[in-house]
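Given next are the chains, with one letter for each unit.
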Amino acid sequence: MDRQQRLRIAVQKSGRLTDESLDLLHRCGLKFSRGKDQLMCYGENMPLDVLFVRDDDIPDLVQEDVCDLGLVGLNVLEEKRLAMLARGTTPRIEILQKLDFGRCRLSLAVPQDFAFDGLQSIAGKRIATTYPHVLARFLRESGIAAEIVTLSGAVEIAPRLGRADLICDLVSTGSTLTANHLREVAAVLASQVCLVRTPVALPDVKADWVRRLLVRVDGVQQVRESKYIMLHAPRAALPQIAKLLPGSESPTVIPLDGTGDKVAVHAVCRETVFWETLESLKAAGASAILVLPVEKMLA
Ligand code: PRP
Ligand code: ZN
């Protein structure tokens, strides 16, 4: 594989971000097949190859230019960035775009019987985490002195094992906390997936593909919630109906043959279209309402 010509993107091997990361690449037009245990997939129709790795390794792989691009959570990125600073390395990874998936937060969580009454309650306590640098910054900024117990995993069982009094871990759905009888008490960092790139200058061919990819990513993001709405309505109801269409620019109005004052209205709605919206549209006089998914959009 020619590293001068082909981009390499690092993606989480198996975990929270894997499916949505691959879905994004597919929606951007990339075709590749992934065999079992295959660490590297060759892009069949774009000069873009996918490398499957542990998410925690992605920042280093991109910083060291082993990969040109990466899809990684801000949580991991921020921890690595602070760790690099702490050991005197300058973090040089560039965030190209924050994406609208993989949203979660790094939070403090305490056992059910922990008497939590504000951040002062954790002063002097032992906090287990795999994010020692982000946690240390939070504690410093909050003016709290506590002990950080750095673990490499299974943080949620640390209190039960007596290794810590509370934890600082990622919360996405919250089911891990519930299953371990822990209660979220404070958010330390809000996170989402970021598309990152190497600090090293790219040859023209590759830089060009990064630009194209970014436009496509943008298009994918824009249409995630978007719907194409078509409906019939009396012309007189148009002002009311236009107001009800969520996040749409001026709709297209087409006269309907042989129906007097009836028109067809077509509009792209950039926000989620709920059943309630359709009910309101009907109440405003609309009929034959159709809601269609939008697959691609190029502004
Ligand atoms: C995080 C965290 C919890 C889980 C929380 O792990 O360590 O185990 O997700 O999710 P929930 O609130 O939906 O239960 P992550 O996906 O980052 O995996 P990793 O630490 O193995 O990389
Ligand atoms: Zn991880």
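Rules used throughout
- Residues numbered from 1 in each chain as written.
- Chains lettered and ligands numbered in written order.
- Predicted model: local features only at pLDDT ≥ 70, side-chain atom pairs only at ≥ 80, totals over all residues.
- Heavy atoms only, no water.
- Core = buried A, V, L, I, M, F, W, Y, C linked by side-chain atoms within 4.5 Å.
- Buried < 20%, exposed > 50% of the residue type's maximum accessible area, 1.4 Å probe, protein only.
- Helix = DSSP H or I, 4+ residues; strand = E, 2+ residues; numbered from the N terminus.
- Domains from an automatic or database assignment.
- Donors = N, O, S within 2.8 Å, 3.2 Å for Na, K, Ca; no water.
- Near = heavy atom within 4 Å.
- Polar contact = N/O pair within 3.5 Å; in protein donor to acceptor, adjacent residues only side chain to side chain.
- Areas by Shrake-Rupley, 256 points an atom, 1.4 Å probe, with all protein chains shown as cover.
- Axes fitted to C-alpha atoms, helices over the stretch in contact; angles between N-to-C directions.
- Parallel < 35°, antiparallel > 145°, perpendicular 65-115°, else oblique.
- Contact = heavy atoms within 4.5 Å.
- Nonpolar A, V, L, I, M, F, W, Y, C, P; charged D, E, K, R; others polar.
- Salt bridge = Lys/Arg side-chain N within 4 Å of Asp/Glu carboxyl O.
- Pairing = 2+ DSSP bridges.
- Disulfide = S-S within 2.5 Å.
- Phe/Tyr/Trp six-rings, centres within 6.5 Å; stacked < 30°, edge-to-face > 60°.
- Lys NZ or Arg CZ within 6 Å of the ring centre and 35° of its normal.
- Expected span 1.5 Å × (residues − 1).

Here we look at the nonpolar core
Ranked by size, the top nonpolar core spans 33 residues in total, and within it Leu106, Leu108, Ile122 and Ile127 carry the most contacts. Secondary structure elements with two or more residues in this core: strand E3 (48-53), helix H2 (58-63), helix H3 (74-86), strand E6 (104-111), helix H4 (132-142), strand E9 (166-171), strand E10 (182-191) and strand E11 (193-197). Domain assignment of the residues forming this core places at least three in each of domain 1 (3-101 + 193-223) and domain 2 (104-191). Counting 28 residues, the second largest nonpolar core, distinct from the first, contains Leu22, Met46, Val210 and Leu213.

Re the coordination of the zinc ion (ligand 2)
Ideal geometry at a metal centre gives angles of 109.5 degrees when four donors are arranged tetrahedrally and 90 or 180 degrees when six donors are arranged octahedrally. Distances from the zinc ion (ligand 2) to its protein donors, Asp55 (OD) and Asp56 (OD), fall within 2.2 to 2.3 Å. The class for Asp55 is buried, based on a relative accessible area of 13%. On the accessibility criterion, Asp56 (28% relative accessible area) is partly exposed.

Side note on the site of ligand 1
Taken together, Arg16, Asp55, Asp169, Leu170, Val171, Ser172, Thr173, Gly174, Ser175 and Thr176 form the complete shell of residues around ligand 1. Side-chain polar atom of Asp55 to an oxygen atom of ligand 1: 3.4 Å apart, as the coordinates give it. Note that an oxygen atom of ligand 1 is positioned 2.8 Å from one of the backbone N or O atoms of Ser172. Look at ligand 1: alone it shows 510 Å² of surface, and the protein chains cover 70% of it. For the shell around ligand 1, the secondary structure elements donating two or more residues are E9 and helix H5 (175-179).

Describing the packing of H3 against H4
Packing of H3 against H4 leaves a shortest axis separation of 7 Å and a crossing angle of 80°. The angle between H3 and H4 places the two elements in the roughly perpendicular class. Each of Glu78, Glu79, Arg81, Leu82, Ala83 and Ala86 in H3 lies in contact with H4, whose residues at this interface are Pro132, His133, Val134 and Arg137. A breakdown of the residues in the contact of H3 with H4 according to their chemical character gives 5 nonpolar, 1 polar and 4 charged.

Section: the domain arrangement of the protein chain
For the protein chain, the assigned domains are domain 1 (3-101 + 193-223), domain 2 (104-191) and domain 3 (227-293). For domain 1 versus domain 3, the separation of C-alpha centres amounts to 40 Å.

Structural notes on the pattern of salt bridges
This structure, assessed with the given rule, holds 13 salt bridges. Arg6 is paired through a salt bridge with Asp49; the nearest N and O atoms lie 2.8 Å apart. With Arg6 in the segment before strand E1 (7-12) and Asp49 in strand E3, the pair connects residues that are 43 residues apart, well separated along the chain. For Glu295, the salt bridge goes to Lys296, with nearest N and O atoms at 2.9 Å. Both residues of the pair, Glu295 and Lys296, count as exposed. Within this structure, Asp23, Arg27, Asp100 and Arg224 form a network of salt bridges that share partners.

Brief notes about the sheet that holds strand E8 (residues 147-150)
One open sheet accounts for 5 strands, arranged E8-E7-E9-E6-E10; its pairing is mixed. This sheet does not close on itself; its edge strands, each paired only once, are E8 and E10. Neighbour-to-neighbour, the strand axes of the sheet open up by a mean angle of 30°, direction not taken into account. Here 3 bridges tie strand E7 (residues 126-129) to E9, and the two strands are oriented parallel to one another. Of the residues in E9, the one forming a bridge with Ile127 is Leu166. Seen against the sheet, H3 touches E9 and E10 and runs at an angle of roughly 75° to E10.

Some remarks on the side chain of Asn75
Checked against the element boundaries, Asn75 lands in helix H3. Engagement of the side chain of Asn75 in a polar contact is seen with the side chain of Tyr131, the distance being 2.9 Å. Within the structure, the side chain of Asn75 is placed 2.9 Å from the side chain of Ser191, a separation counted as a polar contact. Ignoring sequence-local partners within four residues, the contact set of Asn75 consists of Arg16, Tyr131, Leu170, Leu189 and Ser191.

What to know about the state of the cysteines
By definition, a disulfide is the covalent link that joins the sulfur atoms of two cysteine residues. The tally for this structure, following the rule as stated, stands at 0 disulfides. Residue Cys104 stays outside any disulfide, its sulfur separated by 10 Å from that of Cys194, the closest cysteine. A relative accessible area of 0% means that Cys194 is categorised as buried.

Observations regarding the packing of aromatic side chains
The full count for this structure, using the stated rule, is 0 aromatic pairs. Lying over the aromatic face of Phe52, Arg34 brings its terminal NZ or CZ to 3.7 Å of the ring centre. Between the NZ or CZ atom of Arg212 and the centre of the ring of Trp209, over which it lies, the distance is 4.1 Å.

Examining helix H6 (residues 204-223)
With 20 residues, H6 should reach 28 Å at 1.5 Å per residue; the first-to-last C-alpha distance of 29 Å fits that figure. The set of residues buried in H6 consists of Lys206, Ala207, Trp209, Val210, Leu213, Val217, Gly219, Val220, Gln221 and Val223.

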